[in-house]
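# Structure at a glance
Here is how the chains run, residue by residue.
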Amino acid sequence: MKLRNILLLSIWGTALLSACSSGSSSNNSVTPPSIQYSQMNYTGSLPTGGTTGLTGIRQVGTTSNVYITGSYVVNGLSNGTLYVGPVTGGGTYYTYNYPSSAGATTSGTNVYSADNGVNSNVLLTGTYTTAESGESHAFGFYYNGSVSSTQQANNWQTLIFPESQVPGNLPVGNTYPHSIMHGIIVGNYLSGTTAGNGFIYNIATNSYQSVQHPAARYTTIYGIWWNGGESYTIAGGYSATNESGLGVGFVADYNSTTKLLTNWTEYTHNNQPAAITHFEGITTDGAGGYNLAAGSEVAGVSYASFVHITRNSSGGFNTNATWTDAWYPNSSTTTADTVYQNYLYGVYMESGVSGLNGYAAAIPGGYPAN
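The rules behind these values
Residues numbered from 1 in each chain as written. Predicted model: local features only at pLDDT ≥ 70, side-chain atom pairs only at ≥ 80, totals over all residues. Heavy atoms only, no water. Pairing = 2+ DSSP bridges. Helix = DSSP H or I, 4+ residues; strand = E, 2+ residues; numbered from the N terminus. Axes fitted to C-alpha atoms, helices over the stretch in contact; angles between N-to-C directions. Phe/Tyr/Trp six-rings, centres within 6.5 Å; stacked < 30°, edge-to-face > 60°. Buried < 20%, exposed > 50% of the residue type's maximum accessible area, 1.4 Å probe, protein only. Polar contact = N/O pair within 3.5 Å; in protein donor to acceptor, adjacent residues only side chain to side chain. Core = buried A, V, L, I, M, F, W, Y, C linked by side-chain atoms within 4.5 Å. Contact = heavy atoms within 4.5 Å. 1 Å grid on protein atoms, 1.4 Å probe; cavity = no way out; pocket = protein on both sides within 12 Å on 5 of 7 lines; lining within 4 Å. Points joined across faces, edges and corners; volume = space filled by probe spheres on them. Nonpolar A, V, L, I, M, F, W, Y, C, P; charged D, E, K, R; others polar. Salt bridge = Lys/Arg side-chain N within 4 Å of Asp/Glu carboxyl O.

### Some details on the sheet that holds strand S21 (residues 322–326)
- Across the sheet, which stays open at both edges, the four strands sit in the order S18-S19-S20-S21 with antiparallel pairing between neighbours. Where the open sheet ends on each side, the last strands, each with one partner, are strand S18 (276–284) and S21. Across the sheet, the axes of successive neighbouring strands diverge by a mean angle of 25 degrees, strand direction being ignored.
- As paired strands, strand S19 (residues 290–298) and strand S20 (residues 301–309) are joined by nine bridges and run antiparallel to one another. Bridging across to S20, Asn 291 finds its partner in His 308.

### So, the packing of aromatic side chains
- Counted according to the given criterion, the structure contains 26 aromatic pairs.
- A ring pair is formed by Tyr 37 and Tyr 359, whose centres lie 6.2 Å apart and whose planes are at 55 degrees; its orientation type is tilted. Of this pair, Tyr 37 sits in strand S1 (residues 36–39) while Tyr 359 sits in strand S25 (residues 357–362), and the two are 322 residues apart along the sequence.
- Judged by its relative accessible area of 18%, Tyr 37 falls in the buried class.

### Some remarks on the side chain of His 278
- In this fold, His 278 is placed in strand S18.
- Reaching out from His 278, the side chain makes a polar contact with the side chain of Glu 280 at a distance of 3.3 Å.

### Topic: the nonpolar core
- Counting 30 residues, the largest nonpolar core has Val 251, Tyr 267, Phe 279, Leu 292, Val 307 and Ile 309 as the members making the most contacts within it.
- Elements with a minimum of two residues in this core: strand S11 (184–191), strand S14 (216–228), strand S15 (231–240), strand S16 (248–255), S18, S19 and S20.
- Excluding its chain neighbours within four sequence positions, the residues that come into contact with Phe 279 are Tyr 222, Ala 235, Gly 236, Gly 249, Phe 250, Val 251, Tyr 267, Leu 292, Ala 293, Ala 294, Val 307 and Trp 323.

### A closer look at the pairing of S19
- Where burial is concerned, most of S19 is hidden: nine out of the nine residues are buried.
- Burial along S19 is two-sided: the face carrying Tyr 290, Leu 292, Ala 294, Ser 296 and Val 298 and the face carrying Asn 291, Ala 293, Gly 295 and Glu 297 are both buried.
- Relative to S19, S18 runs antiparallel, the two sharing eight bridges. Paired with Thr 284 across the bridge in S19 is Tyr 290.
- Between the end of S19 and the start of S20, which pair antiparallel, lie two residues, with Ala 299 showing a positive phi angle near 50 degrees.

### Structural notes on empty space enclosed by the protein
- Here the structure, examined in full by the defined rule, presents four cavities of 30 Å³ or more.
- Counted as a void, the largest cavity has a volume near 180 Å³.
- Along the walls of the largest cavity sit 18 residues, with Thr 55, His 178, Tyr 222, Glu 280 and Thr 338 positioned nearest its centre.
- For the lining of the largest cavity, the element with the highest residue contribution is strand S2 (residues 51–59), accounting for four residues.
- For the lining of the largest cavity, a count of residues per class yields seven nonpolar, eight polar and three charged.

### Thoughts on the sheet that holds S14
- Taken in spatial order, the four strands make up an open sheet running S14-S15-S16-S17, and their pairing is antiparallel. Only two strands of the sheet have a single neighbouring strand rather than two, namely S14 and strand S17 (261–267). The sheet shows a mean angle of 20 degrees between the axes of neighbouring strands, direction not considered.
- Alignment of S16 against S17, held across five bridges, turns out to be antiparallel. Among the inter-strand pairings, Val 251 is bridged to a residue of S17, identified as Thr 265.

### Quick notes on the pattern of salt bridges
- The final tally for this structure, using the stated rule, is one salt bridge.
- Taking the shortest distance from any N to any O, the salt bridge between Arg 311 and Asp 253 comes out at 2.7 Å. Here the residue Arg 311 occupies a position in the loop between S20 and S21, and Asp 253 occupies one in strand S16, the gap between them amounting to 58 residues.

### Topic: the pairing of S11
- Buried residues dominate S11, accounting for seven of its eight residues.
- Turn length for the strand S10 (residues 172–181)-S11 hairpin, with the two strands adjacent in sequence and antiparallel, is two residues, and the turn residue His 182 shows positive phi of about 45 degrees.

Now the structure itself:
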């Protein structure tokens with residue numbers, strides 16, 4: 001897969017539908033010294049010298065370990081990866097590449113998100129490309145199987161948003177599943193008649209639902225959190241129909257029975273109206289609110305942020321969010337791609353050095369909420 005499928009900075013445009021692209025300049029400001037950074041690079045069995053991407057995280061059952069999904073690009077091939085272990089490294093990496101079949105030779109895989117399955121299985125979702133269709137055509141996948149260095153072909157399922165649900169029944173060019181939790185997968189799709197829509201996929205019923213923000217031209221969904229019962233909260237971004245290239249991050253509640261989305265609430269970096277903002281991941285704050293990973297651009301400067309939002313007395317979301325900007329020390333590029341408790345994860349690029357490295361940043365006071 002191309003570099004843009006690993007480097008997840010949130011600069012608005014069509015590239016958001018696959019993964020966000022890097023901005024033209026970086027945030028070189030000094031980050032608070034109280035943020036503790038840990039490098040988290042791939043250490044599995046594949047050859048050394050590649051680049052690491054981190055995309056999603058979930059707690060492993062009730063243990064202190066986590067699943068961290070991503071990719072490792074080496075020798076021109078993007079390999080899907082799953083890390084299992086402590087939150088700041090030292091665990092085990094597994095490779096998950098979508099199996100090739102007759103007429104479909106897998107040319108790259110990126111694992112975007114994980115969840116817990118039954119009988120110690122892991123549930124994964126992400127994208128793959130084939131040599132026959134080219135790197136610009138992304139197929140979605142769902143995996144339900146063991147945590148292992150080898151996987152059975154029947155544990156994998158291709159996900160393609162159905163063209164029967166697209167206006168004009170035109171073919172879907174790309175399907176990007178971004179996050180999975182408690183039987184629901186969220187992501188984006190692109191077709192000839194849509195600038196870019198989000199989707200919600202119910203695993204049990206094998207059914208898709210197209211999602212578009214009421215005022216949006218583009219809508220992307222990158223994160224989902226299960227609140228319990230039928231209640232979920234999703235996060236992503238949208239670009240308004242009357243916009244001039246700007247985008248805002250959003251959160252919304254979703255009911256898996258009624259399939260209704262409510263409490264749409266928009267956010268921009270530090271409440272600046274000129275900011276381009278997108279939410280990359282969402283998790284509980286341990287106290288009824290949420291922590292999110294956000295990528296933003298303000299006046300040509302890129303920001304990676306840990307964001308905290310709370311509920312109001314009506315059950316919706318308070319519009320005043322707390323933003324903590326992170327920047328890996330001495331890096332020219334830093335992204336915020338996923339979040340767990342008070343940990344922000346992403347990739348960074350050292351100044352004057354090519355190649356990406358993964359990182360974890362411990363945000364003081366980020367979990368539980370104060």
